[in-house]
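# Summary of the model geometry
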Amino acid sequence: MTIVNDQEETVIHSPHVNRLKLMEGKIKKEINKVDAFNLTFHLKNPAYGKMKPFKTLVNVYNLKEQRFEFEGRVLEPEEDMDSNGLHTFSYVCEGELAFLEDSQQRHLEFQGTPEELWISIINYHNSQVEDYKHFEPGVIEVTNSTNYLYCYLSAEEDTFSTIENELMDRLGGELQIRKENGIRYLDLVERVGESKETEIKIAKNLKTITRSIDPTEIVTRLTPLGTRIETEGAIDASEARLTIEEVNGGLPYLDRQDLIDEFDIQGGSQTWDDITDPNNLLTRAQQWMDNQKIALYQHKISAADLFLIGLDPDSFQVGNDHKVINPVMNIDERLRIIGKTIDILKPEDDNLTIGDKFKTLNEYQADANKQEKRIVRLQNTVNRQSERLASINEEYNNLSESLQQLNQAFEDADTDAMQDAINNLNQAVDDLSDAVNAIPDYEPATQTEDGLMSAADKTKLDELEKYDPATQTEDGLMSSADKAKLDLITVLNTIDLDQIAQKIADLEEEVYGSGS
């Protein structure tokens, strides 16, 4: 392991038998996240006095696999002295993806292919940062049905956030850094990693396993909804939708009895805006019910990486999937590694996160902030369209006025006035043409194709059937169940827990004191 300051390289940890060792060193990797590396050393380590936040580069090389496990920079320092007077120095380091957080994007109205947007975003990042933070635009494997995007970039967002919001949230995909001939490429691929033959199982390499389950998204009674049904006098938000009642014995919902027996009735709805036939809606809904994932499972695994001693053909890498076998917990399936923690002092012991990605409270709140920003952007788009329509209306009025002048000139047989009127008419036509051309060519958005808005946003907008505030007992802009969950996780103001504890103690004293 080395650090680099102004191209001067210093070895601070060696795998060989010597005294050049860190006290601690753990690398954490996750899909679509910036790698993290926590390290600790003592006063005699060559790193002492050379660790500069944001400036010092850190490299951890895997001698067995001949590749870097971590490449990044120093971020946060911490100094500690214990009761014996021993001084230690700890640092949090962040991976190369964090370089994308050092640049801001620009305010830009973009129309074009995902690949063109990908190249534009990365090249603009490169124009703002030092050479060692540059990325070459690599392959982009994700797109939509039209291979076309219309969006607004913002100077309020850094490059990493822009890639997340404008590409990954719309199209999916996973980020991958690829090095070839000394050039760092950034790819946006459908999936990082591949299927491996090495099994993770008891009595071989599985040391410990913990399984977490989230069954809260299960739907045992589904109400499927199709295209909107126009109703005379109804506003758009109140229009009814196609249901399955006429082809499902008068019932607007489908039950899955085996799940009801297990979880009781848990209602939910799904909307397919492009389905216009109730039989097709019934078929699609039945497929959804049959294929839905009953619960999200996530496994925390400690496994011995036998690749290091030549007993397995594959090492454990983030993105790869392996067959995991634990008969006691009834696990016998292929599961994907979505996170990995490497202890460089004990590289044979890998801690793996396998299965589904659970969201933390911070991630839920970040999603809510993204939704708020999208609403603001949609409002800005509407405002811009209103301005353009006003411009067209003005040009139309000018055109009408020019036509009136021309008619008057004909009536008066005034040749000079007639020529002036024709010139004015031509100018008005040109101005109107320019105003019309300034309007992007929008097609109506559907849940599968982008238009005035993205297909993902259209899907969400179609689901907004009510605009009343939701409560924990009544549906509104969101379901009552989601409102109950949101109330449990949303924190809008700073809360003094000590103050709350004191108030509870005072209340107990008042209650019990009055009772005595």
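Here the structure is shown first, and the text comes after it.
Below, the structure is looked at part by part.

Scoring rules and cut-offs
Residues numbered from 1 in each chain as written. Predicted model: local features only at pLDDT ≥ 70, side-chain atom pairs only at ≥ 80, totals over all residues. Heavy atoms only, no water. Helix = DSSP H or I, 4+ residues; strand = E, 2+ residues; numbered from the N terminus. Buried < 20%, exposed > 50% of the residue type's maximum accessible area, 1.4 Å probe, protein only. Contact = heavy atoms within 4.5 Å. Areas by Shrake-Rupley, 256 points an atom, 1.4 Å probe, with all protein chains shown as cover. Phe/Tyr/Trp six-rings, centres within 6.5 Å; stacked < 30°, edge-to-face > 60°. Expected span 1.5 Å × (residues − 1). Bend = angle between axes of the 7 residues up to and from the residue. Polar contact = N/O pair within 3.5 Å; in protein donor to acceptor, adjacent residues only side chain to side chain. Axes fitted to C-alpha atoms, helices over the stretch in contact; angles between N-to-C directions. Parallel < 35°, antiparallel > 145°, perpendicular 65-115°, else oblique. Nonpolar A, V, L, I, M, F, W, Y, C, P; charged D, E, K, R; others polar. 1 Å grid on protein atoms, 1.4 Å probe; cavity = no way out; pocket = protein on both sides within 12 Å on 5 of 7 lines; lining within 4 Å. Points joined across faces, edges and corners; volume = space filled by probe spheres on them.

## Comments concerning the overall build of the protein
Per the secondary structure count, the protein includes 9 helices and 23 strands. When burial is assessed residue by residue, the protein has 38% of its 516 residues classed as buried. Of the contacts formed within the protein by residues at least 6 apart in sequence, a portion of 63% connects residues at least 24 apart. Counting every atom, the protein has about 30200 Å² of accessible surface; 49% of that belongs to carbon and sulfur.

## Focus on the packing of aromatic side chains
Under the defined criterion, the tally for this structure stands at 7 aromatic pairs. With a centroid separation of 5.8 Å and an interplanar angle of 10 degrees, the aromatic rings of phenylalanine 41 and tyrosine 91 are classed as stacked. With phenylalanine 41 in strand S4 (residues 36–42) and tyrosine 91 in strand S7 (residues 87–95), this residue pair connects regions lying 50 residues apart in the sequence. What links up through ring pairs into an aromatic cluster is the set Phe41, Tyr48, Phe89 and Tyr91.

## Observations regarding unusual backbone geometry
Of note, aspartate 264 is a non-glycine position whose phi angle comes to about 65 degrees, a positive value. Note on placement: aspartate 264 falls in the loop between helix H3 (257–263) and strand S19 (267–271). Residue asparagine 330 is not a glycine yet carries a positive backbone phi of 60 degrees. Tracing the chain through its elements places asparagine 330 in the loop between strand S21 (321–326) and strand S22 (331–343). Taking the relative accessible area as the measure of exposure, asparagine 330 reaches 70% and is therefore exposed.

## Brief notes about helix H2 (residues 159–171)
Counting along an α-helix, one turn takes 3.6 residues, and residues three or four places apart therefore face a common direction. Over its 13 residues, H2 runs 17 Å from end to end, which matches the ideal 18 Å to within 8%, given 1.5 Å per residue. Of all bends in H2, the biggest is about 30 degrees, found at asparagine 165. Among all positions of H2, only Thr159, Phe160, Thr162, Ile163, Asn165, Glu166, Leu167, Met168 and Leu171 are buried. The backbone nitrogen of phenylalanine 160 lies 3.1 Å from a side-chain oxygen of the residue at the head of H2, namely aspartate 158. The first or second residue beyond H2 is glycine 172, which carries a positive phi of 85 degrees.

## Overview of the packing of helix H1 (residues 114–126) against H2
Close contact between H1 and H2 brings their axes to 10 Å; oriented N to C, the two are set at 170 degrees. Between H1 and H2, the interaxial angle falls into the category roughly antiparallel. On H2, the residues touching Pro114, Leu117, Trp118, Ile121 and His125 of H1 are Thr159, Thr162, Ile163, Glu166, Leu167 and Leu171. By residue class, the composition of the contact of H1 with H2 is 7 nonpolar, 3 polar and 1 charged.

## Digging into the layout of surface pockets
Looking at the second largest pocket, its volume works out to about 1200 Å³. What lines the second largest pocket is a set of 36 residues, among which Lys29, Phe68, Gln176, Ile177 and Arg178 lie closest to the centre. Broken down by secondary-structure element, the contributors of at least two residues to the lining of the second largest pocket are strand S3 (24–30), strand S6 (67–81), strand S11 (174–180) and strand S12 (183–189). Classifying every residue of the lining of the second largest pocket by side-chain character gives 12 nonpolar, 8 polar and 16 charged.

So yeah, pure geometry; function would need other evidence.
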